[in-house]
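Observations on chain architecture
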Amino acid sequence: MDKSTLLELSKKLDCQYEIGIWSETMDFMERQENVESFSLFFKEEQYNLRIQLRELNRVTTKEIFNSLVQFLQYNSTFYVREDHLDAIHYYFLSSTDAYKAFIFHVVIN
């Protein structure tokens, strides 16, 4: 699966803003010791999370992303990772059996 397929799939689901997802994400991020700073915003039915690590490395990046997914996910979850020179991008879609869903674009650098 690639990013465009994942984004297309999200359009078939109810990805409206959910205060619980926002609150849980903020709570999770505030407890991460390896994070220097982060920002979260919601635009066009997508949560956008930027994470600045104290030190960028693949192990920490993977641990934080996997922990975030475990903390937030619904029944079905898919993600795509894109490696860039200065950051790692994840597109993360999770949905319930009733088609309620959320999608994240997570940038970690």
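The structure under discussion appears in the preceding block.
Now for a quick tour of the structure. No experiment lies behind these values; they were computed from the predicted model shown.

For soluble globular proteins, the rule of thumb is that nonpolar side chains tend to be buried together. Leu49, Ile51, Phe104 and Val106 are the most contacted members of the largest nonpolar core, which totals 21 residues. Those elements that place two or more of their residues in this core are helix H2 (19–30), strand E1 (35–43), strand E2 (46–53), helix H3 (58–72), strand E4 (88–95) and strand E5 (101–108). The leading source of residues in this core is H3, at five residues. Once you skip the residues sitting within four places of it in the chain, Phe104 turns out to touch Ile21, Thr25, Leu40, Gln46, Tyr47, Leu49, Leu72, Tyr90, Tyr91 and Phe92. With eight residues, the next largest nonpolar core counts Leu13, Val80, Tyr91 and Leu93 among its residues.

This paragraph deals with the sheet that holds strand E3 (residues 76–83). Judged by pairing direction, the sheet is mixed, and its five strands sit side by side in the order E1-E2-E5-E4-E3 without closing on themselves. If you trace the sheet from one side to the other, it starts and ends with E1 and E3, each paired once. Strand-to-strand twist in this sheet, taken as the mean axis angle between neighbours without regard to direction, amounts to 15°. Where helix H1 (residues 3–10) meets the sheet, it contacts E2, E3, E4 and E5, and its direction lies at approximately 30° from that of E4. On top of the sheet, H2 reaches E1, E2 and E5; it is set at about 170° to E1, its chief contact.

Inspection of every chain in the model, using the stated rule, returns 14 aromatic pairs. A centroid spacing of 5.0 Å and a plane angle of 15° characterise the contact between Tyr47 and Phe104, whose relative ring orientation is stacked. Here Tyr47 is found in strand E2, whereas its partner Phe104 is found in strand E5, with 57 residues between them in sequence. Among the residues examined, Tyr47 registers a relative accessible area of 1% and is labelled buried. By relative accessible area, Phe104 is classed as buried at 0%.

Below, the discussion takes up a nonpolar patch on the surface. A grouping of Met1, Leu9 and Phe78 is seen on the molecular surface, where their side chains present a nonpolar patch of about 280 Å² in accessible area. As for its position among the elements, Phe78 is in strand E3.

Let us look at the side chain of Thr60. With respect to the helices, strands and loops of the structure, Thr60 is situated in helix H3. Since its relative accessible area comes to 11%, Thr60 is described here as buried.

With eight of its eight residues buried, E5 lies for the most part within the structure. The sheet contact formed by E4 and E5 spans eight bridges and is antiparallel. In the strand pairing of E5, Phe92 is matched with Phe104. Linkage of E4 to E5, two consecutive antiparallel strands, is achieved through a turn of five residues, within which Tyr99 is found at a positive phi near 70°.

About the cut-offs
- Residues numbered from 1 in each chain as written.
- Predicted model: local features only at pLDDT ≥ 70, side-chain atom pairs only at ≥ 80, totals over all residues.
- Heavy atoms only, no water.
- Core = buried A, V, L, I, M, F, W, Y, C linked by side-chain atoms within 4.5 Å.
- Buried < 20%, exposed > 50% of the residue type's maximum accessible area, 1.4 Å probe, protein only.
- Helix = DSSP H or I, 4+ residues; strand = E, 2+ residues; numbered from the N terminus.
- Contact = heavy atoms within 4.5 Å.
- Pairing = 2+ DSSP bridges.
- Axes fitted to C-alpha atoms, helices over the stretch in contact; angles between N-to-C directions.
- Phe/Tyr/Trp six-rings, centres within 6.5 Å; stacked < 30°, edge-to-face > 60°.
- Patch = residues over 30% accessible without salt bridge, like charges linked within 9 Å, V, L, I, M, F, W, Y side chains within 5 Å.
- Areas by Shrake-Rupley, 256 points an atom, 1.4 Å probe, with all protein chains shown as cover.
- Salt bridge = Lys/Arg side-chain N within 4 Å of Asp/Glu carboxyl O.

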